[in-house]
Protein chains: 2
Amino acid sequence: MTTITETAQPARTVAFVAYPGITVLDLVGPLQVCAALADTVPGIRTVVLGERIESMGTDTPLSVLPSHTFDEVPDPDVLVVPGGLVPTLAAMADETLLARLRRAASGASVVGSVCTGSLLLAAAGLLEGRKATTHWLFRDLLVPFGATPVADRWVEDGRYVTAAGVAAGIDMALHLAGRLAGEDAARQVQLLIEYDPQPPFGGIDWAATDTASYAPFGKQVLTEALAGHPELLARLGGGPFLRK
Amino acid sequence: MTTITETAQPARTVAFVAYPGITVLDLVGPLQVCAALADTVPGIRTVVLGERIESMGTDTPLSVLPSHTFDEVPDPDVLVVPGGLVPTLAAMADETLLARLRRAASGASVVGSVCTGSLLLAAAGLLEGRKATTHWLFRDLLVPFGATPVADRWVEDGRYVTAAGVAAGIDMALHLAGRLAGEDAARQVQLLIEYDPQPPFGGIDWAATDTASYAPFGKQVLTEALAGHPELLARLGGGPFLRK
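Please read all numbers here as calculations on a predicted model, not as lab measurements.

The rules behind the values
Residues numbered from 1 in each chain as written. Chains lettered and ligands numbered in written order. Predicted model: local features only at pLDDT ≥ 70, side-chain atom pairs only at ≥ 80, totals over all residues. Heavy atoms only, no water. Helix = DSSP H or I, 4+ residues; strand = E, 2+ residues; numbered from the N terminus. Buried < 20%, exposed > 50% of the residue type's maximum accessible area, 1.4 Å probe, protein only. Contact = heavy atoms within 4.5 Å. Areas by Shrake-Rupley, 256 points an atom, 1.4 Å probe, with all protein chains shown as cover. Lys, Arg positive; Asp, Glu negative; His and termini not counted. Charge placed at Lys NZ, Arg CZ, Asp CG, Glu CD. Least-squares fit on C-alpha atoms with pLDDT ≥ 70 in both. Arc of directions from axis to C-beta. UniProt positions renumbered as here; feature names shortened; annotations may be inferred. Core = buried A, V, L, I, M, F, W, Y, C linked by side-chain atoms within 4.5 Å. Axes fitted to C-alpha atoms, helices over the stretch in contact; angles between N-to-C directions. Parallel < 35°, antiparallel > 145°, perpendicular 65-115°, else oblique. Left-handed = near helix turned anticlockwise from the far one by under 90°. Nonpolar A, V, L, I, M, F, W, Y, C, P; charged D, E, K, R; others polar. Pairing = 2+ DSSP bridges. pLDDT = per-residue confidence, 0-100.

Draft legend 1. Up close: the overall build of chain A. A tally of regular secondary structure across chain A gives eight helices and eleven strands. Dimensions of chain A along its principal axes, counting C-alpha atoms only, are 55 × 40 × 35 Å. Counting every position in chain A, which comprises 244 residues, the buried fraction comes to 61%. The contacts in chain A between residues at least 6 apart in sequence include a share of 64% that link residues at least 24 apart. Just so you have it, chain A exposes about 8700 Å², and 51% of that area is on carbon and sulfur atoms. Counting 17 positive and 26 negative side-chain charges, chain A places the centres of these two groups 7 Å from one another.

Laid out in structure tokens, this is it:
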């Protein structure tokens with residue numbers, strides 16, 4: 001087991017973003033991976049950034065508190081943005097948050113997202129001309145922002161690494177751990193968090209899943225989220241969900 | 001998509017336990033599964049129980065807040081206890097927490113744990129004569145408490161469902177969702193949280209992993225955790241780690 005040792009190099013900071021209403025596993029899956037990496041590899045630290053250090057609700061009964069404000073960590077090396085449902089889609093119109101993301105991303109060597117977090121990167125203008133992914137239900141929403149949706153578990157395009165829905169953040173984070181510290185370090189993290197998945201009903205059988213039946217739900221979430229922003233809703237075409 | 005409907009039945013409460021220093025993914029993985037189940041199936045609610053509703057640190061820079069106190073939800077239908085490293089092993093000697101677990105478990109139809117959370121159930125006297133599992137590094141610590149360790153992803157013995165380390169909580173929770181609401185409902189949750197794992201370096205290759213090399217680390221964690229409780233440390237044999 002590698003233990004923490006002092007290093008002359010300044011720590012590389014992996015910064016996760018927290019904002020009210022996130023899908024909490026979007027944040028915690030990759031955070032756990034990167035925190036375990038930071039515990040076992042010198043020169044890496046993790047932080048959770050928020051507008052203020054105060055509790056915020058999630059899409060579960062758990063509330064969370066960031067460790068730092070955006071102002072306290074202006075130049076992270078890695079930035080990861082989690083997603084969510086209504087609150088995240090509403091945040092596509094939150095210019096304060098989008099400005100925070102642009103600023104934090106400006107000097108980062110890796111800009112990542114989980115689930116609909118990529119829609120915030122897209123709304124911030126960061127994914128124009130890039131291949132990207134997001135939760136399967138909202139994938140087509142990347143198009144009006146100039147990004148090209150790809151139905152992969154995670155998509156890497158230059159410094160941008162976007163993950164598919166929720167649990168995909170764990171896979172992406174292990175990939176990122178490998179990129180930051182090498183495959184051996186990433187595999188050690190995987191062992192320590194015992195990520196050896198055995199879904200009791202197997203993986204998702206996409207061919208047998210009627211994803212189109214969820215389109216009305218997606219449209220409902222988007223419409224509710226952008227009720228106060230008809231111009232953005234119109235730009236998004238009311239959500240051209242799951243078109244072929 | 002099933003939507004929430006009113007039901008004449010009182011809600012079944014799935015209660016997660018939070019205490020300082022937990023491995024946050026132990027809590028959030030299964031919480032996200034059960035919260036998604038509660039969002040899509042009538043008659044199920046999730047809560048997060050703590051001694052007080054105040055922020056507590058985790059093994060990452062994220063702090064968390066429970067939604068309810070133990071006193072507010074004395075009789076959950078399902079109880080799930082997350083684990084951690086030093087703070088969890090230290091909590092094996094925390095009679096206040098152990099009494100809370102015994103009380104909350106007393107009327108529950110399912111008592112679950114993730115990772116070293118099972119060591120708290122064991123220390124509370126709840127796993128005597130039961131088959132159980134925990135994080136691979138600490139599996140042998142179940143023995144002095146009268147439980148029989150099993151190296152499975154999760155182990156069900158009567159009303160007890162214990163999961164292996166950290167990420168195993170997601171698999172266990174989907175199994176639990178199936179038990180609570182049927183396989184179709186569990187599969188829908190899996191789709192919504194896009195749990196279709198694709199670990200970038202594959203699963204854990206146990207045959208190629210020198211788990212024994214981690215025994216000194218396990219012993220160090222246990223010794224630090226129980227420094228103030230030599231009698232319990234002695235009962236645990238100083239941690240007979242990874243014996244064959």
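Draft legend 2. Structural context of the relation of the copies chain A and chain B. After a rotation of 180° and a shift along the axis of 0.0 Å, chain A superposes on chain B with an RMSD of 0.0 Å. Interpreted geometrically, this transformation is the action of a two-fold axis. It is Val64 of chain A whose C-alpha, among those of chain A, lies nearest the rotation axis, at 2.2 Å. Most of the interface of chain A is mirrored in chain B, where 100% of its interface residues again form contacts.

Draft legend 3. Seen up close, helix H7 (residues 215-225) of chain A. Residues and elements named next belong to chain A. Listing the buried residues of H7 in full gives Ala215, Phe217, Gly218, Val221, Leu222 and Ala225. Angularly, the buried residues of H7 cover 165° about the axis, an arc narrow enough to put them on a single face. The exposed set on the far side of H7, more than 90 degrees from its buried face, consists of Pro216 and Glu224. Its buried side turned inward, H7 meets helix H2 (86-91) and helix H8 (230-235).

Draft legend 4. Fine view of the UniProt feature "domain: DJ-1/PfpI" (unreviewed entry) in chain A. Within this numbering scheme, the UniProt entry marks residues 13-176 of chain A as carrying the feature "domain: DJ-1/PfpI" (unreviewed entry). End-to-end, the C-alpha atoms of residues 13-176 of chain A are 13 Å apart, and along that stretch the chain is 30% helix and 24% strand.

Draft legend 5. Broad picture of the side chain of Gln190 of chain B. By the secondary structure assignment, Gln190 of chain B is in helix H6 (residues 183-192). The contact partners of Gln190 of chain B, leaving out residues within four places of it in the chain, are Pro199, Phe201, Gly202, Gly203 and Ile204 of chain A together with Leu174 and Tyr195 of chain B.

Draft legend 6. How the structure looks around the nonpolar core. In terms of nonpolar packing, the biggest core is built from 187 residues, with Met92 of chain A together with Met92 of chain B touching the most fellow members. Apart from residues no more than four positions distant in its own chain, Met92 of chain B is found in contact with Leu98, Leu119, Leu120, Ala123, Phe145, Leu222, Leu226, Leu232 and Leu236 of chain B.

Draft legend 7. Region of the structure containing helix H6 (residues 183-192) of chain A. Residue and element names in this part refer to chain A. Burial of H6 is extensive: seven of the ten residues sit out of reach of the surface. Along H6, the positions that sit buried rather than exposed are Ala185, Ala186, Gln188, Val189, Gln190, Leu191 and Leu192. Positive phi shows up at Glu194, right after H6, with a value of about 45°.

Draft legend 8. Summary view of the packing of helix H1 (residues 24-40) of chain A against helix H5 (residues 168-181) of chain A. Residue and element names in this part refer to chain A. At a closest axis distance of 8 Å, the pairing of H1 and H5 adopts a crossing angle of 25°. Relative to H5, the element H1 is oriented roughly parallel. Between H1 and H5 lies a crossing whose hand is right-handed. Contacts between H1 and H5 involve Gly29, Pro30, Val33 and Leu37 from the first element and Gly169, Ile170, Ala173, Leu174, Ala177, Leu180 and Ala181 from the second.

Draft legend 9. Just the packing of H1 of chain A against H6 of chain A, in detail. Residues and elements named next belong to chain A. As a packed pair, H1 and H6 sit with axes 9 Å apart at the nearest point and diverge in direction by 115°. Considered as vectors, H1 and H6 are oriented roughly perpendicular to each other. When you trace H1 past H6, the crossing you get is right-handed. Touching Val33, Ala36, Leu37 and Thr40 of H1 are Ala185, Gln188, Val189 and Leu192, all from H6. Within the contact of H1 with H6, the residues separate by chemical class into six nonpolar, two polar and no charged.

Draft legend 10. Representation of the sheet that holds strand S10 (residues 154-157) of chain A within the structure. Residues and elements named next belong to chain A. Spatially, the seven strands line up as an open sheet ordered S5-S2-S1-S6-S7-S11-S10, and their pairing is mixed. The open sheet has two free edges, formed respectively by strand S5 (68-69) and S10, since each of these has just one partner strand. Pairing analysis gives six bridges linking strand S1 (residues 12-17) to strand S2 (residues 44-50), with the strands arranged parallel. Its bridge partner being in S2, Thr13 is matched across the sheet by Arg45. Seen against the sheet, helix H3 (residues 95-105) touches S1, strand S6 (78-81) and strand S7 (110-113) and runs at an angle of roughly 155° to S6.

Draft legend 11. Representation of the environment of Ala168 of chain A. Structurally, Ala168 of chain A can be placed in helix H5. Here Ala168 of chain A falls in the buried class, since its relative accessible area comes to 0%. For the pair formed by Ala168 of chain A and Val64 of chain A, sequence separation is 104 residues and the distance between their alpha carbons is 21 Å. Those residues in contact with Ala168 of chain A that lie beyond four places of it in its chain are Arg153 and Ala163 of chain A together with Glu194 of chain B.

Draft legend 12. Up close: the confidence of the model for chain A. Residues and elements named next belong to chain A. Taken as a whole, chain A shows an average pLDDT of 94; of its residues, 93% reach a score of 70 or greater. Every residue in residues 1-7 is under pLDDT 50, and counting partners more than four places away or in other chains gives twelve contacts. Both scores are given for the predicted complex: the pTM is 0.95, the ipTM 0.95.

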